[in-house]
Amino acid sequence: MGDVFKALADPTRRTILDELTDRDGQTLFEICARLTNKHGLGSSRQAVSQHLDVLEAAGLVKTRRDGRYKFHYIDTEPLEPIVERWLNKPGKRGPT
Amino acid sequence: MRINLTNVLVDDQEKARRFYTEVLGFVPKHDVPLGGGARWLTVVSPQDPDGTELLLEPTGHPAAKPYKDALVADGIPYTSFAVDDVKAEYVRLRELGVRFTQEPTDMGTVVTAVFDDTCGNLIQIAHQTS
(Lines give C-alpha, C1' and ligand atoms only; values in the text may rest on other atoms or scores of the structure.)
Protein backbone atom coordinates (compact mmCIF):
# COMPACT_ATOMS: atom_id res chain seq x y z
CA MET A 1 0.00 0.00 0.00
CA GLY A 2 2.99 2.26 0.57
CA ASP A 3 3.55 2.60 -3.16
CA VAL A 4 -0.02 3.77 -3.62
CA PHE A 5 0.36 6.54 -1.05
CA LYS A 6 3.67 7.60 -2.55
CA ALA A 7 2.12 7.63 -6.01
CA LEU A 8 -0.85 9.71 -4.81
CA ALA A 9 1.29 12.14 -2.82
CA ASP A 10 2.27 14.05 -5.94
CA PRO A 11 -0.27 16.56 -7.32
CA THR A 12 0.79 16.03 -10.95
CA ARG A 13 0.21 12.30 -10.59
CA ARG A 14 -3.23 12.95 -9.09
CA THR A 15 -4.00 15.21 -12.07
CA ILE A 16 -2.92 12.46 -14.47
CA LEU A 17 -5.41 10.11 -12.77
CA ASP A 18 -8.11 12.83 -13.00
CA GLU A 19 -7.53 13.08 -16.75
CA LEU A 20 -7.58 9.30 -17.22
CA THR A 21 -10.89 9.31 -15.35
CA ASP A 22 -12.15 11.90 -17.86
CA ARG A 23 -11.21 9.52 -20.67
CA ASP A 24 -9.51 6.18 -20.20
CA GLY A 25 -6.92 4.92 -22.64
CA GLN A 26 -4.64 7.83 -23.55
CA THR A 27 -1.30 8.09 -25.30
CA LEU A 28 1.63 9.76 -23.57
CA PHE A 29 1.16 12.67 -25.98
CA GLU A 30 -2.48 13.21 -24.96
CA ILE A 31 -1.64 13.09 -21.25
CA CYS A 32 1.13 15.66 -21.74
CA ALA A 33 -1.16 17.89 -23.83
CA ARG A 34 -3.91 17.76 -21.18
CA LEU A 35 -1.49 18.61 -18.36
CA THR A 36 -0.11 21.56 -20.29
CA ASN A 37 -3.25 22.97 -21.85
CA LYS A 38 -5.87 22.23 -19.20
CA HIS A 39 -3.78 22.53 -16.05
CA GLY A 40 -0.88 24.78 -16.98
CA LEU A 41 1.57 22.11 -15.86
CA GLY A 42 4.64 22.50 -18.02
CA SER A 43 6.18 19.12 -17.17
CA SER A 44 8.50 17.73 -19.79
CA ARG A 45 7.45 14.60 -21.65
CA GLN A 46 10.24 12.76 -19.84
CA ALA A 47 8.95 13.92 -16.45
CA VAL A 48 5.40 12.82 -17.30
CA SER A 49 6.76 9.48 -18.45
CA GLN A 50 8.49 9.09 -15.07
CA HIS A 51 5.25 9.98 -13.25
CA LEU A 52 3.48 7.30 -15.27
CA ASP A 53 6.17 4.79 -14.29
CA VAL A 54 5.51 5.53 -10.60
CA LEU A 55 1.75 5.17 -11.11
CA GLU A 56 2.28 1.93 -13.02
CA ALA A 57 4.58 0.54 -10.29
CA ALA A 58 1.82 1.27 -7.76
CA GLY A 59 -0.69 -0.55 -9.96
CA LEU A 60 -2.77 2.58 -10.51
CA VAL A 61 -2.03 2.77 -14.23
CA LYS A 62 -1.92 -0.08 -16.69
CA THR A 63 -0.50 0.21 -20.19
CA ARG A 64 -1.65 -1.68 -23.24
CA ARG A 65 -0.06 -1.85 -26.63
CA ASP A 66 -2.56 -1.81 -29.47
CA GLY A 67 -0.71 -2.35 -32.72
CA ARG A 68 1.82 0.46 -33.02
CA TYR A 69 0.28 2.59 -30.28
CA LYS A 70 0.61 2.47 -26.49
CA PHE A 71 -2.32 3.55 -24.31
CA HIS A 72 -2.55 4.22 -20.56
CA TYR A 73 -5.51 3.15 -18.44
CA ILE A 74 -6.43 3.91 -14.82
CA ASP A 75 -6.82 0.97 -12.43
CA THR A 76 -8.53 1.80 -9.12
CA GLU A 77 -8.12 -1.66 -7.64
CA PRO A 78 -5.14 -0.70 -5.42
CA LEU A 79 -7.40 1.93 -3.79
CA GLU A 80 -9.88 -0.63 -2.51
CA PRO A 81 -7.80 -1.79 0.51
CA ILE A 82 -7.76 1.83 1.66
CA VAL A 83 -11.54 1.91 1.69
CA GLU A 84 -11.73 -1.41 3.51
CA ARG A 85 -9.17 -0.37 6.10
CA TRP A 86 -10.75 2.84 7.34
CA LEU A 87 -14.05 3.61 5.73
CA ASN A 88 -16.00 0.41 5.40
CA LYS A 89 -16.49 -0.84 8.98
CA PRO A 90 -20.22 -1.15 9.79
CA GLY A 91 -21.15 0.21 13.20
CA LYS A 92 -17.97 2.24 13.50
CA ARG A 93 -18.92 5.22 11.41
CA GLY A 94 -18.25 7.85 14.07
CA PRO A 95 -17.81 8.51 17.77
CA THR A 96 -20.72 7.27 19.87
CA MET B 1 10.72 34.86 -45.11
CA ARG B 2 7.71 32.58 -45.23
CA ILE B 3 6.99 28.87 -45.01
CA ASN B 4 6.18 27.62 -48.51
CA LEU B 5 6.82 23.91 -47.98
CA THR B 6 6.66 21.45 -45.15
CA ASN B 7 6.87 17.69 -45.30
CA VAL B 8 5.78 14.37 -43.90
CA LEU B 9 7.86 11.22 -44.24
CA VAL B 10 5.60 8.62 -45.83
CA ASP B 11 6.22 4.87 -46.11
CA ASP B 12 4.62 4.65 -49.57
CA GLN B 13 4.18 7.72 -51.77
CA GLU B 14 1.34 6.35 -53.90
CA LYS B 15 -0.61 5.21 -50.85
CA ALA B 16 0.09 8.61 -49.29
CA ARG B 17 -1.15 10.44 -52.40
CA ARG B 18 -4.43 8.53 -52.21
CA PHE B 19 -4.88 9.10 -48.47
CA TYR B 20 -3.99 12.79 -48.50
CA THR B 21 -6.20 13.56 -51.52
CA GLU B 22 -9.09 11.06 -51.41
CA VAL B 23 -9.52 10.84 -47.64
CA LEU B 24 -8.21 14.12 -46.25
CA GLY B 25 -9.29 16.17 -49.28
CA PHE B 26 -6.05 17.90 -50.26
CA VAL B 27 -5.35 18.70 -53.93
CA PRO B 28 -2.31 17.51 -55.93
CA LYS B 29 0.12 20.32 -56.79
CA HIS B 30 3.36 18.80 -58.07
CA ASP B 31 4.18 15.23 -59.06
CA VAL B 32 7.66 15.03 -60.58
CA PRO B 33 9.64 11.78 -60.99
CA LEU B 34 13.02 12.03 -59.28
CA GLY B 35 14.64 8.73 -60.24
CA GLY B 36 14.91 5.63 -58.12
CA GLY B 37 11.12 5.51 -58.06
CA ALA B 38 10.88 8.57 -55.83
CA ARG B 39 8.63 11.52 -56.72
CA TRP B 40 8.53 15.18 -55.82
CA LEU B 41 4.95 14.88 -54.66
CA THR B 42 3.18 17.82 -53.07
CA VAL B 43 -0.41 18.59 -52.13
CA VAL B 44 -2.14 21.81 -51.08
CA SER B 45 -5.35 22.74 -49.35
CA PRO B 46 -8.30 23.44 -51.72
CA GLN B 47 -8.98 26.43 -49.46
CA ASP B 48 -5.48 27.79 -50.12
CA PRO B 49 -4.17 26.44 -53.45
CA ASP B 50 -1.31 28.96 -53.55
CA GLY B 51 -0.46 28.43 -49.89
CA THR B 52 1.95 26.13 -48.10
CA GLU B 53 2.67 22.91 -49.97
CA LEU B 54 2.90 19.61 -48.15
CA LEU B 55 5.65 17.39 -49.52
CA LEU B 56 4.91 13.67 -49.23
CA GLU B 57 8.54 12.70 -48.78
CA PRO B 58 9.61 9.05 -49.18
CA THR B 59 11.06 7.39 -46.09
CA GLY B 60 14.46 6.60 -47.56
CA HIS B 61 16.80 7.26 -44.65
CA PRO B 62 17.41 4.29 -42.32
CA ALA B 63 16.84 6.49 -39.26
CA ALA B 64 13.37 7.49 -40.45
CA LYS B 65 11.51 4.32 -39.50
CA PRO B 66 12.80 4.02 -35.89
CA TYR B 67 12.10 7.73 -35.44
CA LYS B 68 8.54 7.44 -36.77
CA ASP B 69 7.85 4.24 -34.81
CA ALA B 70 8.97 5.85 -31.54
CA LEU B 71 6.78 8.92 -32.13
CA VAL B 72 3.75 6.78 -32.97
CA ALA B 73 4.23 4.55 -29.89
CA ASP B 74 4.01 7.65 -27.66
CA GLY B 75 1.10 9.05 -29.66
CA ILE B 76 3.04 12.09 -30.88
CA PRO B 77 1.81 13.86 -34.03
CA TYR B 78 4.56 16.01 -35.51
CA THR B 79 2.28 17.48 -38.15
CA SER B 80 -0.86 19.46 -37.42
CA PHE B 81 -3.61 20.73 -39.71
CA ALA B 82 -6.21 23.41 -39.00
CA VAL B 83 -9.88 22.52 -39.48
CA ASP B 84 -13.08 24.49 -38.86
CA ASP B 85 -14.58 21.88 -36.53
CA VAL B 86 -12.56 19.01 -35.10
CA LYS B 87 -15.63 17.03 -34.03
CA ALA B 88 -17.23 17.22 -37.49
CA GLU B 89 -13.96 16.23 -39.15
CA TYR B 90 -13.57 13.36 -36.67
CA VAL B 91 -17.01 12.02 -37.61
CA ARG B 92 -16.32 12.40 -41.34
CA LEU B 93 -12.93 10.68 -41.19
CA ARG B 94 -14.15 7.90 -38.90
CA GLU B 95 -16.79 7.06 -41.48
CA LEU B 96 -13.99 6.75 -44.05
CA GLY B 97 -12.24 4.22 -41.82
CA VAL B 98 -9.56 6.49 -40.33
CA ARG B 99 -8.15 5.31 -37.01
CA PHE B 100 -7.89 7.93 -34.23
CA THR B 101 -5.48 7.61 -31.29
CA GLN B 102 -7.01 10.67 -29.63
CA GLU B 103 -10.67 11.54 -29.90
CA PRO B 104 -11.66 15.23 -30.04
CA THR B 105 -10.52 16.75 -26.75
CA ASP B 106 -11.13 20.25 -25.40
CA MET B 107 -7.73 21.51 -24.27
CA GLY B 108 -9.01 24.86 -23.03
CA THR B 109 -8.33 27.26 -25.90
CA VAL B 110 -8.06 24.59 -28.57
CA VAL B 111 -9.83 21.37 -29.54
CA THR B 112 -7.56 18.67 -30.93
CA ALA B 113 -7.72 15.11 -32.20
CA VAL B 114 -5.03 12.76 -33.52
CA PHE B 115 -5.31 10.18 -36.30
CA ASP B 116 -3.12 7.69 -38.15
CA ASP B 117 -2.30 8.68 -41.75
CA THR B 118 -1.70 4.98 -42.69
CA CYS B 119 1.78 5.98 -43.91
CA GLY B 120 3.55 5.72 -40.58
CA ASN B 121 2.57 9.05 -39.02
CA LEU B 122 0.14 10.49 -36.54
CA ILE B 123 -1.47 13.76 -37.60
CA GLN B 124 -3.18 16.28 -35.34
CA ILE B 125 -6.18 18.34 -36.37
CA ALA B 126 -7.09 21.42 -34.36
CA HIS B 127 -9.36 24.43 -34.13
CA GLN B 128 -9.10 27.37 -31.75
CA THR B 129 -12.03 27.97 -29.43
CA SER B 130 -11.04 31.43 -28.15
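Scroll up to find the structure this text is about.
Since we're looking at a predicted model, the values are computed, not measured. (Residues numbered from 1 in each chain as written. Chains lettered and ligands numbered in written order. Predicted model: local features only at pLDDT ≥ 70, side-chain atom pairs only at ≥ 80, totals over all residues. Heavy atoms only, no water.)

**Q** Which residues make up the nonpolar core, and what are the values?
**A** Within soluble globular proteins, side chains that are nonpolar generally end up buried alongside one another. B:Tyr20, B:Leu24, B:Leu56, B:Phe81, B:Phe100, B:Phe115 and B:Ile125 are the most contacted members of the largest nonpolar core, which has 25 residues in total. Counting only elements with at least two residues in this core, the list comes to strand E1 (5–10), helix H1 (13–23), strand E3 (38–44), strand E4 (53–58), helix H3 (86–95), strand E7 (110–116) and strand E8 (122–128) of chain B. In terms of residues, this core owes the most to one element, H1(B), which gives 4 residues. Excluding residues within four positions of it along the chain, B:Leu56 makes contact with B:Val8, B:Val10, B:Gln13, B:Ala16, B:Arg17, B:Tyr20, B:Leu41 and B:Val43. By size, the runner-up hydrophobic cluster in this structure holds 16 residues, among which are A:Ile16, A:Ile31, A:Leu55 and A:Leu60. (Core = buried A, V, L, I, M, F, W, Y, C linked by side-chain atoms within 4.5 Å. Buried < 20%, exposed > 50% of the residue type's maximum accessible area, 1.4 Å probe, protein only. Helix = DSSP H or I, 4+ residues; strand = E, 2+ residues; numbered from the N terminus. Contact = heavy atoms within 4.5 Å.)

**Q** Describe the layout of surface pockets, with residues and values.
**A** If you add up the space inside the largest pocket, you get close to 610 Å³. Breaking the lining of the largest pocket down by element, the ones donating at least two residues are E3, E4, strand E5 (79–82) and H3 of chain B. At 4 residues, the largest contribution of residues to the lining of the largest pocket is made by E5(B). Class assignment for the residues of the lining of the largest pocket results in 12 nonpolar, 8 polar and 5 charged. Of the pockets and cavities examined, the second largest pocket occupies roughly 170 Å³. A:Gly25, A:Phe71, B:Phe100, B:Thr101 and B:Glu103 are the residues nearest the centre of the second largest pocket, which is lined by 13 residues in total. Contributions of two or more residues to the lining of the second largest pocket are made by strand E2 (69–74) of chain A together with H3 and strand E6 (100–106) of chain B. For the lining of the second largest pocket, the element with the highest residue contribution is E6(B), accounting for 4 residues. A per-class count over the lining of the second largest pocket returns 4 nonpolar, 3 polar and 6 charged. (1 Å grid on protein atoms, 1.4 Å probe; cavity = no way out; pocket = protein on both sides within 12 Å on 5 of 7 lines; lining within 4 Å. Points joined across faces, edges and corners; volume = space filled by probe spheres on them. Nonpolar A, V, L, I, M, F, W, Y, C, P; charged D, E, K, R; others polar.)

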